[in-house]
Every structure is written in C-alpha cells, then in structure tokens.
Amino acid sequence: MTDYDAIIIGGGVGGATAAILLARAGWSVALVEKHAFPRRKVCGECIAANNLPLLDALGVGEAFAELAGPPLRRVGLYAGDRRLFADLPRFDDSRHVWGKALGREHLDTLLLRRAAGLGASIWQPWTVMDVSRDEPGYGCYIEAAGSREAQVLKAPILISANGSWEPGPVAEVRHRR
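Just so you know, these numbers come straight off a predicted model, no measurement behind them.

Conventions we followed
Residues numbered from 1 in each chain as written. Predicted model: local features only at pLDDT ≥ 70, side-chain atom pairs only at ≥ 80, totals over all residues. Heavy atoms only, no water. Helix = DSSP H or I, 4+ residues; strand = E, 2+ residues; numbered from the N terminus. Expected span 1.5 Å × (residues − 1). Buried < 20%, exposed > 50% of the residue type's maximum accessible area, 1.4 Å probe, protein only. Contact = heavy atoms within 4.5 Å. Pairing = 2+ DSSP bridges.

S.K.: Mind laying out unusual backbone geometry, listing which residues take part and the relevant values?
M.R.: With the exception of glycine, most residues fall at negative phi, and the peptide bonds are largely trans. Cis geometry is found at the peptide bond from Gln124 to Pro125, where omega equals -10°. Relative to the assigned elements, Pro125 resides in the loop between strand 8 (121–123) and strand 9 (126–134). Between Glu135 and Pro136 the backbone carries a cis peptide bond, its omega angle lying at 15°. Among the structural elements, Pro136 can be located in the loop between strand 9 and strand 10 (137–144).

Dropping the structure here:
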C-alpha cells in the first residue's frame, strides 16, 4: 500500500497539468495512466495563442515551441466540394501572437515528463481496477498492463481526469454513495 496526498487518474493534458501544479506545490502525487506514451490521439492538437502562456507557466513552453508546427493564422472547413476559410484573430502578447499545433503524442508526453521531473510518481501503463471511498479518503486498486502485478494507492484526494467517455471505477464510487 502506498500513501499520497493526491491520486490522479489519467495522464492526458488535464491529469498531467494537475500533477505538475500539485507536485510543484510540494504534494506527493500518484498519476495512473493506462496507456504507454507516446500514444496517438486525434483531438486537442491545435493550441490557441492565449493558451501558450499556460504552457510556459507549466515549464514546457520552450519544448512545445521547438516541436510545434508553424503559426496557425487561418482555419478551414471542408464539406464535400465546398470550402470555407477564415482568418484567426491575433493574440496581443509579445511572445505568443498565433496558436500552434502539436500532436497529442508529443504534448501529453511533455506534460507527463514535466510532472515526473517535479516528483510525481507516474504509474504507467497501469489501470485502475477499483476505487473505494473510506475515511479519510480513497483507495485505488491498480494493476500493471500485461502482468498480474498490483498495488493499492491511498490518498485523501482523488482527481478523475480520464475523460468523460470512460466512466470507469470512479463513476461507480459516485453511484455507490
């Protein structure tokens, strides 16, 4: 059994960001992610310019800039033979005027590595099999991918950042109450 200040389920943008902020604040954090990174994911590749200062604040801005594509100045919609284009607005920031695109396999990995560098314990690829709620907090029964190795993680705070399309064991805890 391993005790933490917080357990985060999901290592995507939301989970890794929470891990970075909590670890930077001195919390002991366990982040459980069921997929090995880098993993290909289609959504969330375009980052608007007004979000780029957040990546700087999280400590991954420079690495993002090195990996990202050219500035995003226009958007297009294609439907059959029809095409519609529009200019994107400029962001009034001396450093970040235009958004950029970066594949989620790179963005998620950057954020997760930053969380680990700040001291977060990354359990990957591990799957949360069950969650229990008791005083003073939560217990997560997790299993390693491809083996029968298991652990129980405990923390007073549990953050579910695993995507709304994957209800999983956290949703079952809510329904049990």
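What follows picks up the thread again.
S.K.: Residue-level account of helix 1 (residues 13–24), with values.
M.R.: The end-to-end C-alpha distance of helix 1 is 16 Å, a good match for the 16 Å that twelve residues give at a rise of 1.5 Å each. What helix 1 keeps buried is the set Gly15, Ala16, Thr17, Ala18, Ala19, Ile20, Leu22 and Ala23. Residues of helix 1 that are buried make contact with strand 2 (6–9), strand 3 (29–32), helix 2 (52–58), helix 4 (104–117) and strand 12 (157–160).

S.K.: Please provide a residue-by-residue account of the pairing of strand 6 (residues 82–87), values included.
M.R.: Counting buried residues along strand 6, only zero of its six residues qualify, which leaves the element largely exposed. When strand 5 (residues 74–79) meets strand 6, the two strands line up antiparallel, connected through six bridges. Each bridged residue has a counterpart across the sheet, and for Val75 the counterpart in strand 6 is Ala86. In this antiparallel pair of consecutive strands, strand 5 and strand 6, the connection spans two residues, and Gly80 shows a positive phi of 65°.

It is worth stressing that arrangement in space is one thing and function is another; only the former is reported here.
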